[in-house]
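Okay, here's what each chain looks like letter by letter:
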Amino acid sequence: KSSRKNHLKDTIIKVNNTTIGGEYLTIIAGPCSVESEEQIVDIAKSVKKSGATILRGGAYKPRTSPYDFQGLNEDGLKLLSIAKKKTNLPIISEIVSVDHLEFFDDIDILQVGARNMQNFELLRELGKVKKTILLKRGFANTIEEFLSSVEYLMSSGNDDIILCERGIRTFEHATRNTLDLSAVAMLKEISHLPVIVDPSHATGIASLVKPMSLAGVASGADGIMVEVHNDPQNALSDGKQSITPYEFDDIVRTSLKIRACL
Ligand code: PEP
Ligand code: MN
């Protein structure tokens, strides 16, 4: 169902006041984790001013260590809703269990994280939900496996799927992951679904977020998802890869210029 063979035209997804895919460049921005009302509202207002079209913020955080900050859970989603009301930006947050669905009523896009890309029970259940889903590629999964997971969502009845390349695990340790840009171009060729690049988790390094955002757009991505924090040094998660609102503004302006050349 995700293949271009029987569906030549790009899928274009409408979420509230924004459109993903086709001629639109989607800019998703926000902190790794929602930390407080002041933090999320402050970041939401700045990224909106710079041209973000969707606000991100994690509330259920699948952290590698159980001793790291695990997110504010339901309270975090409520704070994200407050930021949505104040900015009118649609919101996206990661869901890790169908048991939490009732808390996601006001969340516009459900994110399935890299670690859950092959959680088939989760995918099957989320496929029945009438909401747009952003599926992140697992860090050790092939493009074929990625698209196979998409079929779990689509065969359960959901057509509004966004693909997200967020870097894969390779022998290279200088960066957190290796951004697979050829996967972006390949996915655009073989699938009709919108593709988003996440340069933050792909590199793990704030200074590399701009070049990889631009490379992602040049590779034909339909948008970028960037972690932005008002105080990266004190962020409760992923501070090293978080950029400031000021740096984000520059990335949006330059990305739009690159997009205009394509
Ligand atoms: C995230 O986007 O907050 C996240 C946890 O990303 P990933 O699932 O790609 O690691
Ligand atoms: Mn993160």
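Residues numbered from 1 in each chain as written. Chains lettered and ligands numbered in written order. Predicted model: local features only at pLDDT ≥ 70, side-chain atom pairs only at ≥ 80, totals over all residues. Heavy atoms only, no water.

Section: the overall build of the protein
Then, in step 1: Helices and strands together make up the secondary structure of the protein, namely eight helices and 10 strands.
Then, in step 2: For the protein, whose C-alpha radius of gyration is 17 Å, the value lies close to the compact-globule estimate of 18 Å for 262 residues.
Then, in step 3: With respect to the three principal axes, the spread of C-alpha positions in the protein is 45 × 40 × 40 Å.
Then, in step 4: The 262 residues of the protein split such that 55% are buried.
Then, in step 5: In the protein, the proportion of contacts linking residues at least 24 apart, taken out of those at least 6 apart, comes to 70%. (Helix = DSSP H or I, 4+ residues; strand = E, 2+ residues; numbered from the N terminus. Rg over C-alpha atoms; globule rule 2.2 N^0.38 Å. Buried < 20%, exposed > 50% of the residue type's maximum accessible area, 1.4 Å probe, protein only. Contact = heavy atoms within 4.5 Å.)

Examining the environment of Ile-109
Then, in step 1: Residue placement: Ile-109 occurs in strand E6 (residues 109-112).
Then, in step 2: Placed 63 residues apart in sequence, Ile-109 and Ser-46 show a C-alpha to C-alpha distance of 21 Å.
Then, in step 3: Excluding residues that lie within four positions of it along the chain, Ile-109 makes contacts with Val-15, Ile-20, Ile-54, Ile-91, Ile-92, Ser-93, Thr-132, Ile-133, Leu-134 and Ile-162.

Brief notes about the site of ligand 1
Then, in step 1: Around ligand 1, the neighbouring residues are Arg-56, Lys-61, Glu-94, Gln-111, Gly-113, Ala-114, Arg-115, Lys-136, Arg-166, His-201 and Glu-227.
Then, in step 2: Within the side chain of Lys-61, an N or O atom sits 3.0 Å from an oxygen atom of ligand 1.
Then, in step 3: A distance of 2.8 Å separates an oxygen atom of ligand 1 from a polar atom in the side chain of Lys-136.
Then, in step 4: Summarising the interface, the protein chains cover 96% of the accessible area of ligand 1, which totals 290 Å² for the free molecule.
Then, in step 5: Grouping the constituent residues of the shell around ligand 1 by class yields one nonpolar, three polar and seven charged. (Near = heavy atom within 4 Å. Polar contact = N/O pair within 3.5 Å; in protein donor to acceptor, adjacent residues only side chain to side chain. Areas by Shrake-Rupley, 256 points an atom, 1.4 Å probe, with all protein chains shown as cover. Nonpolar A, V, L, I, M, F, W, Y, C, P; charged D, E, K, R; others polar.)

Overview of the coordination of the manganese ion (ligand 2)
For a metal with four tetrahedral donors the ideal donor-metal-donor angle is 109.5 degrees, whereas six octahedral donors ideally subtend 90 or 180 degrees.
Then, in step 1: For the manganese ion (ligand 2), the protein coordination sphere consists of Cys-32 (SG), His-201 (NE2), Glu-227 (OE) and Asp-238 (OD), at 2.0 to 2.4 Å.
Then, in step 2: Positions of the donor residues of the manganese ion (ligand 2), expressed as sequence spacing, correspond to C-x168-H-x25-E-x10-D. With a gap of 195 residues between them, Cys-32 in the loop between strand E3 (26-30) and helix H1 (37-50) and Glu-227 in strand E10 (residues 223-227) connect regions that are remote in the sequence. You'll find Cys-32 and Glu-227 in the same group, each marked buried. (Donors = N, O, S within 2.8 Å, 3.2 Å for Na, K, Ca; no water.)

Some details on the packing of helix H7 (residues 206-218) against helix H8 (residues 245-261)
Any two packed helices are characterised by the angle at which their axes cross and by the distance between the axes.
Then, in step 1: The geometry of H7 relative to H8 is characterised by a closest axis approach of 9 Å and an angle of 25 degrees between their N-to-C directions. Looking at the two axes, H7 sits roughly parallel to H8. As for the relative orientation of H7 and H8, their crossing is right-handed in sense. Between H7 and H8, the contacting residues are Val-209, Lys-210, Ser-213, Leu-214, Val-217 and Ala-218 on the first element and Asp-250, Ile-251, Thr-254, Ser-255, Ile-258 and Arg-259 on the second. (Axes fitted to C-alpha atoms, helices over the stretch in contact; angles between N-to-C directions. Parallel < 35°, antiparallel > 145°, perpendicular 65-115°, else oblique. Left-handed = near helix turned anticlockwise from the far one by under 90°.)

Concerning the sheet that holds E6
Then, in step 1: Around the barrel, eight strands lie side by side as E3-E4-E5-E6-E7-E8-E9-E10; this closed barrel has parallel pairing. When strand polarity is set aside, the average angle formed by the axes of neighbouring strands in this sheet is 25 degrees.
Then, in step 2: Pairing of strand E8 (residues 161-165) with strand E9 (residues 195-197), which is carried by three bridges, proceeds in the parallel orientation. In the strand pairing of E9, Leu-163 is matched with Val-195.
Then, in step 3: Where H1 meets the sheet, its contacts fall on E3 and strand E4 (54-56), and the angle it forms with E4 comes to roughly 150 degrees.
Then, in step 4: Where helix H5 (residues 181-190) meets the sheet, it contacts E8 and E9, and its direction lies at approximately 170 degrees from that of E9. (Pairing = 2+ DSSP bridges.)

Topic: the side chain of Lys-61
Then, in step 1: Here Lys-61 shows up in the loop between E4 and helix H2 (73-87).
Then, in step 2: Buried within the structure, Lys-61 lacks any salt-bridge partner; its nearest side chain of opposite charge belongs to Glu-227, at an N-O separation of 5.1 Å.
Then, in step 3: A polar atom in the side chain of Lys-61 sits 3.3 Å from the backbone oxygen of Cys-32.
Then, in step 4: Apart from residues lying up to four places away in sequence, Lys-61 is in contact with Cys-32, Ser-33, Arg-56, Phe-69, Gln-70, Gly-71 and Ser-237. (Lys, Arg positive; Asp, Glu negative; His and termini not counted. Salt bridge = Lys/Arg side-chain N within 4 Å of Asp/Glu carboxyl O.)

Topic: the packing of H1 against H2
Then, in step 1: Packing of H1 against H2 leaves a shortest axis separation of 9 Å and a crossing angle of 35 degrees. Judged by the twist between their axes, the crossing of H1 over H2 is right-handed. From H1, Glu-37, Ile-40, Val-41, Ala-44, Lys-45 and Lys-48 reach across to H2, where they touch Leu-79, Leu-80, Ile-82, Ala-83, Lys-86 and Thr-87.
Then, in step 2: Looking at the contact of H1 with H2, its residues break down into seven nonpolar, one polar and four charged.

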